Amino acid sequence: MIRTDLTELLGIRYPILQGGMAWVATWQLAAAVSEGGALGIVGAGSAPVDWVREQIQQVRAHTDRPFGVNVPLFNPAAEQIIQVIIEERVPVITTGAGNPAPFVPALKAAGITVIPVVASAALARRLERMGVDAVIAEGHEAGGHVGMVTTITLVPQVAEAVRIPVVAAGGIADGRGLAAALALGASGIQMGTRFVCTQECIAHANYKDSIVQASERSTLVTGTSLGHPVRCLRNPMSREFEAMEKAGADEATMLEFGTGRLRLAVVEGDVQQGSVMAGQSAGMVHDILPAAEVIRTVTAEAEAILGRLPNYVIASEEEA
Ligand code: TUI
């Protein structure tokens, strides 16, 4: 067992959150992860309000355990989705891709546990002062919309900046990552890419297979010039996007080129022309497993590593 202030805060057995991946993190995955003892999360992505409400009800129909909803703040319906989260009394909200400060007072007043993703220690500190319950420090290794600071440097700096629990995210897909995150000062981890490759995840088999086949060099980041950097697998679509960006294409052209690409990959399985969002940990994912098995294996591996670490500590000359 790994018990931390995060497992206590959320009432979960394992210190693991599932990333709120747009199109991928539907009720099927969220319910399986929560049933497996971690925190399952529905990804609101760019979905409409009614879809989100239905997903929340479906999670509830399939598990009694705590779960969450992730709201990327660029969704034009973000404010209405947050209203639905309050109405439906969802236990946990995670936010991404922006500053959730305007929404924190209403969420806290409704008794909801608020866990924003931050890409800087400064934002973590500001949000702690506003009363958020924990923060997810997500590094540049992550998939989808990314910050610029790496996980190994961001996590300790966020952990030093705040007293609330810190969740490490970006580049973590196994027990080595969980053990490392705890060593960096985090109280748990969030994994996205690892949970795409689970049996319960509804992503197209082609999407999962391209992650299983990926190596550590298979991803690239596009959209930095738009102020919206996104990491996905290298394929004909992302290479073309990269070339357009390098050639200085205008914003409207790039936005139009990108629209609908994630759905194309996740739902239609077009992994050549679609956007296969995944983190650099794709190279560490070799199989498609039940979500509960991922959770058990990652935790058991971390426990074994943490148990071995004291062997490295040898009394110094003076102490000997
Ligand atoms: O949100 C994410 N990752 C995402 S959202 C998403 S949805 C999408 N769909 C289609 C096309 C493109 C995207 C895909 N991936 N991760 C959480 C995250 N948040 N990473 C970084 C940040 C972040 C960045 C800046 C959080 C806060 C922030 O603050 C800026 C500020 O205003 O201070």
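Residues numbered from 1 in each chain as written. Predicted model: local features only at pLDDT ≥ 70, side-chain atom pairs only at ≥ 80, totals over all residues. Heavy atoms only, no water.

## Here we look at the site of the ligand
Next, step 1: Around the ligand, the structure places 14 residues, and the nearest of them are Ala97, Gly98, Val117, Glu138 and His145.
Next, step 2: With respect to the ligand, the backbone of Ala97 contributes an N or O atom lying 2.9 Å from a nitrogen atom.
Next, step 3: For the ligand, a nitrogen atom lies 3.2 Å from a polar atom in the side chain of Glu138.
Next, step 4: Residue composition of the shell around the ligand, grouped by class: six nonpolar, seven polar and one charged. (Near = heavy atom within 4 Å. Polar contact = N/O pair within 3.5 Å; in protein donor to acceptor, adjacent residues only side chain to side chain. Nonpolar A, V, L, I, M, F, W, Y, C, P; charged D, E, K, R; others polar.)

## Some details on the sheet that holds strand β11 (residues 230-233)
Whether parallel or antiparallel, the strands of a sheet pair through hydrogen bonds between backbone atoms.
Next, step 1: Strand order in the open sheet made by the three strands is β7-β11-β10, with antiparallel pairing throughout. Edge strands, defined here as strands with exactly one partner in the open sheet, are β7 (144-145) and β10 (219-222).
Next, step 2: Judged from the two bridges that link them, β7 and β11 form a sheet pairing that is antiparallel. Paired with His145 across the bridge in β11 is Val230.
Next, step 3: Packed onto the sheet, helix α11 (residues 236-246) meets β10 and β11 and runs at close to 40 degrees relative to β10. (Pairing = 2+ DSSP bridges. Helix = DSSP H or I, 4+ residues; strand = E, 2+ residues; numbered from the N terminus. Contact = heavy atoms within 4.5 Å. Axes fitted to C-alpha atoms, helices over the stretch in contact; angles between N-to-C directions.)

## Examining the packing of aromatic side chains
Where two aromatic rings form a pair, the distance of their centres and the angle of their planes describe that pair.
Next, step 1: Enumeration over the complete set of coordinates arrives at one aromatic pair.
Next, step 2: Above the plane of the ring of Phe257 lies Arg261, whose end atom (NZ or CZ) is 4.3 Å from the centre. (Phe/Tyr/Trp six-rings, centres within 6.5 Å; stacked < 30°, edge-to-face > 60°. Lys NZ or Arg CZ within 6 Å of the ring centre and 35° of its normal.)

## Brief notes about the environment of Arg217
Next, step 1: The residue Arg217 is located in the loop between α10 (205-212) and β10 in this model.
Next, step 2: Among the residues examined, Arg217 registers a relative accessible area of 66% and is labelled exposed.
Next, step 3: Through-space distance from the C-alpha of Arg217 to that of Pro310 is 33 Å; in sequence the pair is 93 residues apart. (Buried < 20%, exposed > 50% of the residue type's maximum accessible area, 1.4 Å probe, protein only.)

## Considerations on the pattern of salt bridges
Next, step 1: According to the stated counting rule, one finds eight salt bridges in the structure shown.
Next, step 2: Between Asp287 and Arg194 there is a salt bridge, and its shortest N-O distance comes to 2.9 Å. Taken together, the positions of Asp287 in the loop between α13 (261-266) and α14 (291-308) and Arg194 in helix α9 (residues 193-196) put the pair 93 residues apart, joining distant regions of the chain.
Next, step 3: By relative accessible area, which is 32% here, Asp287 ends up partly exposed. (Salt bridge = Lys/Arg side-chain N within 4 Å of Asp/Glu carboxyl O.)

## Regarding unusual backbone geometry
What you tend to see is this: most non-glycine residues have negative phi, and most peptide bonds are trans.
Next, step 1: The phi dihedral of Trp23 is positive, around 70 degrees, even though this residue is not glycine.
Next, step 2: Note that Trp23 resides in the loop between β1 (16-18) and α2 (27-35).
Next, step 3: Of the residues examined, Trp23 reaches a relative accessible area of 37% and is grouped as partly exposed.
Next, step 4: Look at Ala97: it is not a glycine, yet its phi comes out positive at around 60 degrees.
Next, step 5: Locating Ala97 in the fold gives a position in the loop between β4 (92-96) and α5 (104-109).
Next, step 6: On the basis of relative accessibility, which here comes to 33%, the residue Ala97 falls in the partly exposed class.

## Notes on the domain arrangement of the protein
Next, step 1: What the domain assignment lists for the protein is domain 1 (5-202 + 284-302) and domain 2 (219-266).
Next, step 2: Each of domain 1 and domain 2 was reduced to a C-alpha centroid, and the two centroids are 25 Å apart.
Next, step 3: Contacts between the two partners involve 12 residues from domain 1 and, on the opposite side, eight residues from domain 2.
Next, step 4: Summed over the shared surface of domain 1 and domain 2, the number is zero salt bridges.
Next, step 5: Here domain 1 and domain 2 share five residue pairs in polar contact (both at pLDDT 80 or more) between them. (Domains from an automatic or database assignment.)

## Description of the sheet that holds strand β5 (residues 113-118)
Next, step 1: Read across the open sheet, the eight strands follow the order β1-β9-β8-β6-β5-β4-β3-β2; overall the sheet is parallel. For this open sheet the edge positions go to β1 and β2 (40-43), each flanked by a neighbour on one side alone. On average, each strand axis in the sheet is tilted by 25 degrees relative to the strand beside it, whichever way the strands run.
Next, step 2: Here helix α8 (residues 175-183) sits on the sheet in contact with β8 (166-169) and β9 (188-191), set at roughly 135 degrees to β9.

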